[in-house]
Amino acid sequence: MDALTLTIDYIFSETFFHGAQMTLLLTIVSVFFGIMVGLIIAIMQEMDNKYLNYVVVVYLWFFRGTPVLFQIIFVYNVLPSFGINLSSFASGVVALALNEGAYIAEIMRAGLQSVGKGQRMAATALAMKEWQIMRYVIVPQALRVIIPPIGNQFIGMLKLSALVSVVAVEELLLVANQAASSNFRYLEALMAAGVYYLFFTTVFMYIQSHIEFWAKGGRRRALRDKELKVDIALERTEVR
Amino acid sequence: MKIDLKKSLYSAFACALIIGASASPSKAAEVMAPSSLANSGQLTYAVAATFAPFEYMENGKLTGFDIDMITEISKRMGLDPNPMNMEFKGLIPSLQGKRADIINSGMYIKPERAAVVDFIPYMRVGNQLVVAAGNPKNVQGQDDLCGLKIAVTLGGFQEGLAKEQGAKCVAAGKKETEVLTYPSAQDAALVLQQGRADAIFNSTPGAVKQVTALPDVYAIGGKSFGPYFLVGIALRKGDTEMKKAVEAGLKSIQADGTFDALLKKYNFPKEAKNLN
Amino acid sequence: MTKDNLLSEKKIIEAFDVRKSFGNLEVLKGVSMEVTEGQTMVIVGPSGSGKSTLIRCFNLLETINAGEILFEGRPISGTDKDAWKTRLEIGMVFQNFELFGHLTVLENIILAPTVVKGIGKSEATEKAMELLKKVQIPEKASSFPDQLSGGQQQRVAIARSLAMEPKLMLYDEPTSALDPEMIKEVLDVIQQLSQEGMTSVVVTHEMGFARKVADRIVFMDHGQIVENSTSEKFFDGEVSDRAKMFLEQILSH
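Please give an account of the overall build of chain B that cites residues and values.
If you tally the helices and strands in chain B, you get nine helices and eleven strands. Within chain B, residue pairs in contact and separated by at least 24 positions form 75% of the contacts whose partners lie at least 6 positions apart.

Describe the sheet that holds strand E4 (residues 66-71) of chain C, and please don't skip the residues or the numbers.
All names here are of chain C. In spatial order, the strands read E2-E1-E4-E5; together these four strands make up an open sheet with antiparallel pairing. Each of the sheet's edge strands pairs with one partner strand only, and the pair in question is strand E2 (25-36) and strand E5 (74-75). Where strand E1 (residues 11-22) lies against E2, nine bridges are found, and the strand directions are antiparallel. Bridge pairing in E2 links Ser-21 to Glu-26.

Which residues make up the nonpolar core, and what values go with them?
Proteins that are soluble and globular tend to have nonpolar side chains buried together. Counting residues in each nonpolar core, the largest one holds 206 residues, and the members touching the most others are B:Ile103 and B:Ile200. Element by element, the count of residues in this core is highest for helix H7 (residues 130-160) of chain A, at ten residues. Those residues in contact with B:Ile200 that lie beyond four places of it in its chain are B:Val130, B:Ile150, B:Ala151, B:Ala188, B:Ala189 and B:Leu192.

For the interface of chain A and chain C, give the residues involved together with the corresponding values.
On the side of chain C, 23 residues touch chain A, which itself brings 22 residues to the contact. Of all the secondary structure elements, the ones that give two or more residues to the side of chain A that touches chain C are helix H6 (117-125), H7 and helix H10 (218-233) of chain A. The dominant element in the side of chain A that touches chain C, judged by the number of residues it contributes, is H6(A), at six residues.

Explain the arrangement of the chains to me, and be specific about the residues and the numbers.
When the two pairs of chains in contact are ranked by number of contacts, first place goes to chains A and C. For the non-touching pair chain B and chain C, the nearest C-alpha separation works out to 48 Å.

Please set out the interface of chain B and chain A residue by residue, giving values where relevant.
Tallying the contact residues gives 19 residues for chain B and 19 residues for chain A. Elements with a minimum of two residues in the side of chain B that touches chain A: strand E3 (55-58), strand E5 (80-85) and helix H3 (91-96) of chain B. Here the side of chain B that touches chain A is built from residues that sort into seven nonpolar, seven polar and five charged.

Just give me the short version of the packing of helix H2 (residues 65-77) of chain B against helix H8 (residues 240-255) of chain B, but keep the residues and values in it.
Residues and elements named next belong to chain B. It is at 9 Å that the axes of H2 and H8 come closest, and there the two elements cross at 110°. Overall, the two elements H2 and H8 adopt an arrangement that is roughly perpendicular. On H8, the residues touching Glu-72, Ile-73, Arg-76 and Met-77 of H2 are Ala-245, Val-246, Gly-249, Leu-250, Ser-252 and Ile-253. Taken together, the residues that form the contact of H2 with H8 break down as six nonpolar, two polar and two charged.

Help me get a handle on the pairing of strand E10 (residues 199-203) of chain B, residues and values and all.
Within a regular strand, the side chains alternate between the two sheet faces. Residue and element names in this part refer to chain B. Where burial is concerned, most of E10 is hidden: four out of the five residues are buried. As judged from the five bridges shared by strand E7 (residues 117-132) and E10, these two strands associate in the antiparallel manner. Looking at the pairing, Val-130 lines up with Ile-200 of E10. Bridge analysis of strand E8 (residues 149-153) against E10 gives two bridges, and the strand direction is parallel. In the strand pairing of E10, Ile-150 is matched with Ala-199.

Outline the domain arrangement of chain C, listing residues and values.
Residue and element names in this part refer to chain C. Taken as a whole, chain C is organised into domain 1 (1-89 + 168-253) and domain 2 (97-165). Here the C-alpha centroids of domain 1 and domain 2 sit 25 Å apart. Counting residues at the interface gives ten residues for domain 1 and nine residues for domain 2. In terms of residue count, the dominant contributor to the side of domain 1 that touches domain 2 is helix H6 (residues 180-195) (four residues). Taken together, the residues that form the side of domain 1 that touches domain 2 break down as eight nonpolar, no polar and two charged.

Account for the environment of C:Ala124, with residues named and values stated.
For C:Ala124, the position within the fold is in helix H4 (residues 121-134). If near-sequence neighbours (up to four positions away) are discounted, C:Ala124 is found in contact with C:Ile110, C:Pro113, C:Thr114 and C:Ile119.

So what about unusual backbone geometry? Which residues, and what values?
A cis amide bond links B:Ala52 with the next residue in sequence, B:Pro53, at an omega value of -5°. Tracing the backbone through its elements, the reader meets B:Pro53 in the loop between strand E2 (50-51) and E3. With phi around 70°, A:Ala127 is a residue other than glycine that occupies positive phi space. Checked against the element boundaries, A:Ala127 lands in the loop between H6 and H7. C-beta crowding within 10 Å serves as the criterion here: with 24 such atoms nearby, A:Ala127 is assigned to the buried category.

I'd like a description of the packing of helix H3 (residues 105-116) of chain C against helix H5 (residues 150-162) of chain C, backed by residues and values.
Relative orientation and spacing of two packed helices are given, respectively, by the angle between their axes and the distance between those axes. Residues and elements named next belong to chain C. At a minimum axis separation of 8 Å, H3 and H5 run at an interaxial angle of 25°. Here H3 lies roughly parallel to H5, going by the angle between them. Crossing hand, H3 versus H5: right-handed. In this structure, H3 uses Val-105, Asn-108 and Ile-109 to contact H5, whose residues at the interface are Val-156, Ala-159 and Arg-160. The class makeup of the residues in the contact of H3 with H5 is four nonpolar, one polar and one charged.

Could you give me a rundown of the domain arrangement of chain B, with the residues and numbers involved?
Size of an interface, as often reported, equals the accessible area lost when the parts are brought together. Residue and element names in this part refer to chain B. The domains assigned to chain B are domain 1 (42-125 + 229-273) and domain 2 (126-228). On a C-alpha basis, the centroid separation for the pair domain 1 and domain 2 is 29 Å. Each partner contributes residues to the interface: domain 1 has twelve residues there, and domain 2 has twelve residues. Taken together, the residues of the side of domain 1 that touches domain 2 sort by class into nine nonpolar, one polar and two charged.

Mind laying out the confidence of the model for chain C, listing which residues take part and the relevant values?
Taken residue by residue, chain C gives an average pLDDT of 90. The fraction at 70 or more is 94%. Both scores are available for the predicted complex, with the pTM at 0.75 and the ipTM at 0.89.

A description of the environment of B:Met57 should follow, citing residues and the corresponding values.
Within the fold, B:Met57 resides in strand E3. Given 23 C-beta atoms within a 10 Å radius, B:Met57 is considered buried. Ignoring any residue separated from it by four or fewer positions in sequence, one finds B:Met57 in contact with A:Gln178, A:Ala179, A:Ser182, B:Ala49 and B:Leu62.

Describe the pairing of E3(B), and please don't skip the residues or the numbers.
Residues and elements named next belong to chain B. As paired strands, E2 and E3 are joined by two bridges and run antiparallel to one another. If you follow Phe-51 over to E3, its bridge partner there is Glu-55. Hairpin connection from E2 to E3: three residues lie between these consecutive antiparallel strands. Pairing of E3 with strand E4 (residues 61-63), which is carried by three bridges, proceeds in the antiparallel orientation. Considered in E4, the bridge of Tyr-56 is made with Thr-63.

Each value, and the rule that gives it
- Residues numbered from 1 in each chain as written.
- Chains lettered and ligands numbered in written order.
- Predicted model: local features only at pLDDT ≥ 70, side-chain atom pairs only at ≥ 80, totals over all residues.
- Helix = DSSP H or I, 4+ residues; strand = E, 2+ residues; numbered from the N terminus.
- Contact = placed C-beta atoms within 7 Å.
- Pairing = 2+ DSSP bridges.
- Core = buried A, V, L, I, M, F, W, Y, C linked by C-beta atoms within 7 Å.
- Buried ≥ 20, exposed ≤ 12 C-beta atoms within 10 Å, placed from the backbone.
- Nonpolar A, V, L, I, M, F, W, Y, C, P; charged D, E, K, R; others polar.
- Axes fitted to C-alpha atoms, helices over the stretch in contact; angles between N-to-C directions.
- Parallel < 35°, antiparallel > 145°, perpendicular 65-115°, else oblique.
- Domains from an automatic or database assignment.
- Left-handed = near helix turned anticlockwise from the far one by under 90°.
- pLDDT = per-residue confidence, 0-100.

Printed below as a string of structure tokens:
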């Protein structure tokens, strides 16, 4: 069978399709919970409490300092002796989410810090309370800085998810490797997997660009920018 | 009224027990299943399906000698086989983490591994000569190679082996073997297929895979020869109960010819079952 | 310049021997002064004299270490829980405008009234448009801050503070970050508000403005008030030597 036909066969085969489904599911669920974890860590850091800070430091140190593969194997094979018995999928997601949370927490911290201190001062001077300041002034502006790197985390997780094959989750790369090892047609099997990965990446990038557009002010700003250009051209307004 | 209620409750409970017990599938278990299993009612085994002919994926289905073997052994224990298909690296951790009862993955018994896990050997694999289908030059062993062309991979242990054999032939007064070297095993196999060589070396599993894939092109010439490796089922160190049960299951399928039938089905040479 | 018919004796802000340190550095070394209703006070002095710190103590953006501050006769405390109530009545305009970049001009102005005071959106919007008309840029209502010039942004900032209907307006160097051609439009707005009777405290280097608009001038140096007199006296030179020196430096430009 020629390379193109075999590759296409693989792409539409049930095993590859299910493997791709599993990879997509792992990615979305892990980053989702990773965002939850990152949010909690970021809030703990904001609260400036000595004990919470200690917990955060230890957490970041462990999850950024050990390989993800190790973390996955640990959750699946070592936690049962502490009574925590998770399925293959759950173990993979827990390890990936906790690992992801460490990086997302840092992204959120950078995002929150990117909002100038003056913004908080101005909002405070307007008699706004802390939670109002966060909700209406700080977080919306921080989101603008946070969203692009988080989009990248999604795309990174797509590939990181391949590691959970070590605890018997039949994700896309395992399927491709096993298909190839039985007939040595590695190129076709890996190309088929590659097509799926690229497809998912493309979809993620598309969604990300839309969210970024919305976060910047969306259509309102685009319209206003257009009007402004016209005004400048017709000299109806000064150029800043 | 009160006493009658108690009696009827007791008998209802007893009935439920009996019905419950007889409702569960009672397999004819020839061998005692171990008392603690990773998943009850199942023999859970960790496997990395990338090693034909032992375990591999065919059309999305888990296939291979080991798969069939363990299915038979599980039946003898009255259990369902439960494969956990994973990346090779995860095999030993999942055994040690008690997520799997055994590793059934065509594992070669090596001293470093034996230090970490216990093994039940079930097959001996070595090397084979692979010749053209039908064995036209009637190669039954390395001594029959004198005067023939043998294709080997460059710089590997095969080259050394072939040259050694050549020297033996000359010493015995026969024609020398002609050793053709190629960069990869694929090249050597191709050359054999084209008839430009008479024989190549391959590991026993590799030869089996080759012959199974293209039976009209290749055949195994003669018996296995060393160096040998034993292939075994891996168990947690000191897990004597599991070991006894699986050994008993293995003996059972060896005794009644099931094992031999599997060897034949997957094109293994008969001598593979001789562990000595 | 006086507005006798608008001035009353009611004291809006009183400071008694206020001290403030940042770590080991004492920035306010016993400051006492008062602002009466309708008065416009301008605070001048070299950098580091504590001018900005002082007015930030008035709306509790900074907390004092010693002394007392009264707003409308009530001592204002530093506990965060009630600070916002005091801030409802005091508006502040910053050197860097600090408009909320993710919101339009209109949204900037109606945010605090709707969220903090619970005023309905349409009512707040109506008030906001009036204020925008007052600061002369109603057409920019749906623009974003980064689409505006500095002078326009600062006028929006003033409108934003006015939307909360404060009794006192604090201006912390409102024109220091503006290009020269835009300073006038902002100072004009502040002057107009002052003439309408808004009690104002302005920290600035704009001496021309001070001379024209202020009722009282306060000169600060090294954390202390060196001079506190009427605008006429100050600019007529009835001042201490230190103040004279400062005036010479400033006015020679």
